[in-house]
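Architecture at a glance
Listed below are the residues making up each chain.
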Amino acid sequence: MGERQKVQQRARFIDEAWCRALRRAAEPITRKELAARVGFSVAKLQEYLAGHRKPSMDDMVRLADALNYPKLRLLTMAGYLEGIANLLSYMDQLEDQDR
């Protein structure tokens, strides 16, 4: 197995929506500051943001709170709330119609 394949295998969540959303939301904050806000070690936080590990539902909620990111949306992106995705999509459409 090539080195690139090994890195991709280790970072298997890097391209998932929840991982991209967390990275974008965390951009303006240092890893040390965010880790302190959620009560994680910097290493654990980095594993999540780098896509090496998927946060548990509880950790996902803690991250969403610390980043002021919609919890339901993040949990849905991570697959923790099956069926909610359709509802959120519908709600987005209604909001777009009201604008």
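Residues numbered from 1 in each chain as written. Predicted model: local features only at pLDDT ≥ 70, side-chain atom pairs only at ≥ 80, totals over all residues. Heavy atoms only, no water.

Remarks on the overall build of the chain
Across its full length, the chain holds 7 helices and 0 strands. Reading the chain from its N end, one meets helices and strands in the order α-α-α-α-α-α-α. Taken over the C-alpha atoms alone, the chain extends approximately 50 × 35 × 25 Å along its principal axes. Relative to its full complement of 99 residues, the chain shows a buried share of 29%. In the chain, 17 positive and 14 negative side-chain charges are present, and the distance between their average locations comes to 7 Å. (Helix = DSSP H or I, 4+ residues; strand = E, 2+ residues; numbered from the N terminus. Buried < 20%, exposed > 50% of the residue type's maximum accessible area, 1.4 Å probe, protein only. Lys, Arg positive; Asp, Glu negative; His and termini not counted. Charge placed at Lys NZ, Arg CZ, Asp CG, Glu CD.)

Considerations on the pattern of salt bridges
Following the criterion strictly, the structure yields 6 salt bridges and no others. One salt bridge in this structure joins Arg-37 and Glu-33, with 2.7 Å as the shortest N-O distance. A residue pair is termed a helical-turn pair when its members lie 3 or 4 positions apart in one helix, as Arg-37 and Glu-33 do in helix H3 (residues 31–38) at 4 residues. A salt bridge links Asp-59 to Arg-62; the shortest N-O distance between them is 3.6 Å. Residue Asp-59 and its partner Arg-62 are both found in helix H5 (residues 57–67); the two are separated by 3 residues, about one turn of the helix. The exposure class assigned to Asp-59 is buried, which follows from its relative accessible area of 8%. One network of salt bridges, in which partners are shared, links Lys-44, Asp-59 and Arg-62. (Salt bridge = Lys/Arg side-chain N within 4 Å of Asp/Glu carboxyl O.)

Structural notes on unusual backbone geometry
We note that Asn-68 has phi near 55°; this positive angle belongs to a residue other than glycine. Note on placement: Asn-68 falls in the loop between H5 and helix H6 (71–77).

Topic: the packing of aromatic side chains
Counted according to the given criterion, the structure contains 2 aromatic pairs. Ring centres of Phe-13 and Trp-18 lie 5.8 Å apart, and the angle between their planes is 50°; this geometry places the pair in the tilted category. Judged by centre distance (5.7 Å) and plane angle (75°), the ring pair of Phe-40 and Tyr-48 falls under edge-to-face. Grouping residues by exposure puts Phe-40 and Tyr-48 together as buried. (Phe/Tyr/Trp six-rings, centres within 6.5 Å; stacked < 30°, edge-to-face > 60°.)

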